[in-house]
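What follows is the residue order along each chain.
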Amino acid sequence: MATLNLQHIDKIYDNNVQAVFDFNLDVKDGELIVLVGPSGCGKSTTLRMVAGLEDISAGKLLLDGRDITATPPKDRDMAMVFQSYALYGHMTIYENMAFSLTLRKENPNVIHKKVLAAAEILGLTSQLNKKPAQLSGGQRQRVAMGRSIVRNPKVFLFDEPLSNLDAKLRGATRREILLLHKRLKATMLYVTHDQTEALTLADRIVCMSMGHVQQVGTPLELYDSPANVFVASFIGLPPMNFYDVRVSGDKLVGEGFTVSLTPEEQHTLRGYNNKEITLGVRPENIVEGADVPVTVTTNENLGMNTLVHGYVGGNKAVKISAKLKGWRDYKVGDTASFTFNRKHFFDKETTNAIKGGEG
């Protein structure tokens, strides 16, 4: 398929508002990259710059080593799947999928073969004579993907393609996109605000905030080794718990609790003794123990797991959420005790993750 290189790309609008700052990314041939972040973080703007729908204010965009920064969208050999499907209601599914090839005046026999092949991949063969209004939202999104497949582009671009689907259809269509990627071995850029999509689809994730790239890495790297407080808070569901704590030798002292540090954790925090840091703990890394006294406010049974919410040490301002294995029956006002199995440490001033021996 193709490699894609984004080099020091900025986007500045005419009113001098900057939406993207110094974006750098090397996309490998056949890689599925997911850009994730909250609304307004610059992810869709970045995708539109790659597609040529937005001008690049500064920097370079290379496709297979060729500079396409100023190349018109129609000449970039990319196909974009939008959130809104953008299907022609008066055309059949076959005609929608064939439309771009018809405009190019390709051989009708070639068009027919390409449409049938794409329809088979997407399970749309029996729907080709129908109109879009006769299809479900998930089927319509598959038609939009099929319209891209028949073009055989070098790069597929997805702009929040599942946002208009309900939860069940989102899950099913997400799996179809993953299977499509494995089958086509295509280079793909995918934009979403949904971290579940990012974690399940991506070869690598680009996490963005306020126009800046916060971290690039595999889903496991972003989940297990977040670069800063923002990534730690955005990736993971339920979100990570955060506490202001003071490093005191082999312990962390927080508001209403004290937890012990392992020798490895003490090594990581050398140089921070008697200083305040931010402690992050994922709800799934909390177990019942003796370190952290909690007053329960909510008990949510989810079958295999239970979400327990409460406040720490009698202080209603210090919240905690724990994802415990199995079924629990805590009542409102019950007292529980928890232990932190895995801890993440962040510098209070920079909000960056603290790694071995910094300080």
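Keep in mind it's a predicted model, so treat the numbers as computed, not measured. (Residues numbered from 1 in each chain as written. Predicted model: local features only at pLDDT ≥ 70, side-chain atom pairs only at ≥ 80, totals over all residues. Heavy atoms only, no water.)

Peer 1: Which residues make up the packing of helix α2 (residues 93-103) against helix α3 (residues 108-122), and what values do they have?
Peer 2: For the pair α2 and α3, the least separation of the axes is 10 Å and the interaxial angle reads 135°. Relative to α3, the element α2 lies oblique. Crossing angle aside, the handedness with which α2 passes α3 is right-handed. Touching Y94, M97, A98, L101 and T102 of α2 are I111, H112, K114, V115, A118 and A119, all from α3. (Axes fitted to C-alpha atoms, helices over the stretch in contact; angles between N-to-C directions. Helix = DSSP H or I, 4+ residues; strand = E, 2+ residues; numbered from the N terminus. Parallel < 35°, antiparallel > 145°, perpendicular 65-115°, else oblique. Left-handed = near helix turned anticlockwise from the far one by under 90°. Contact = heavy atoms within 4.5 Å.)

Peer 1: Now, about the pattern of salt bridges: what can you tell me, with residues and values included?
Peer 2: Taken as a whole and assessed by the stated rule, the structure comprises 14 salt bridges. Several salt bridges share partner residues, and in doing so they unite K11, R48 and E54 into one network. (Salt bridge = Lys/Arg side-chain N within 4 Å of Asp/Glu carboxyl O.)

Peer 1: How would you summarise the pairing of strand β2 (residues 18-27) if you had to cite specific residues and measurements?
Peer 2: Sheet topology places strand β1 (residues 4-12) next to β2; six bridges connect them, and they run antiparallel. Bridge assignment links L4 to a residue of β2, and that residue is V27. Hairpin connection between β1 and β2: a loop of five residues separates the two successive antiparallel strands, and N16 in this loop has a positive phi of roughly 70°. (Pairing = 2+ DSSP bridges.)

Peer 1: Give me the environment of E176: which residues, what numbers.
Peer 2: Looking at where E176 falls in the secondary structure, it is placed in helix α5 (residues 167-184). Classification of E176 by relative accessible area gives partly exposed; the value is 26%. Along the primary structure E176 and G123 are separated by 53 residues, whereas in three dimensions their C-alpha atoms are 9.9 Å apart. (Buried < 20%, exposed > 50% of the residue type's maximum accessible area, 1.4 Å probe, protein only.)

Peer 1: Please give an account of α2 that cites residues and values.
Peer 2: Considered for burial, the residues of α2 that qualify are I93, N96, M97, A98, S100 and L101. Those residues of α2 that are buried are in contact with α3 and α4 (137-149). Of the residues flanking the end of α2, it is K105, one or two places downstream, whose phi is positive at about 60°.

Peer 1: Could you give an account of the nonpolar core, with specific residues and numbers?
Peer 2: In this structure, M97 and Y190 are the most contacted members of the largest nonpolar core, which totals 41 residues. Considering every element that reaches this core, the biggest residue donor is α3, with five residues. (Core = buried A, V, L, I, M, F, W, Y, C linked by side-chain atoms within 4.5 Å.)

Peer 1: So what's going on with the sheet that holds strand β16 (residues 305-312)? Which residues, and what values?
Peer 2: Pairing in this open sheet of four strands is antiparallel, and the strands run β17-β16-β15-β18 from one edge to the other. Across the chains shown, the open sheet's two edge strands, defined by having one partner strand only, are β17 (315-325) and β18 (335-340). When strand polarity is set aside, the average angle formed by the axes of neighbouring strands in this sheet is 50°. Taken together, the seven bridges between strand β15 (residues 286-301) and β16 define a ladder with antiparallel strand orientation. Across the sheet, the residue bridging to T298 is H309, located in β16.

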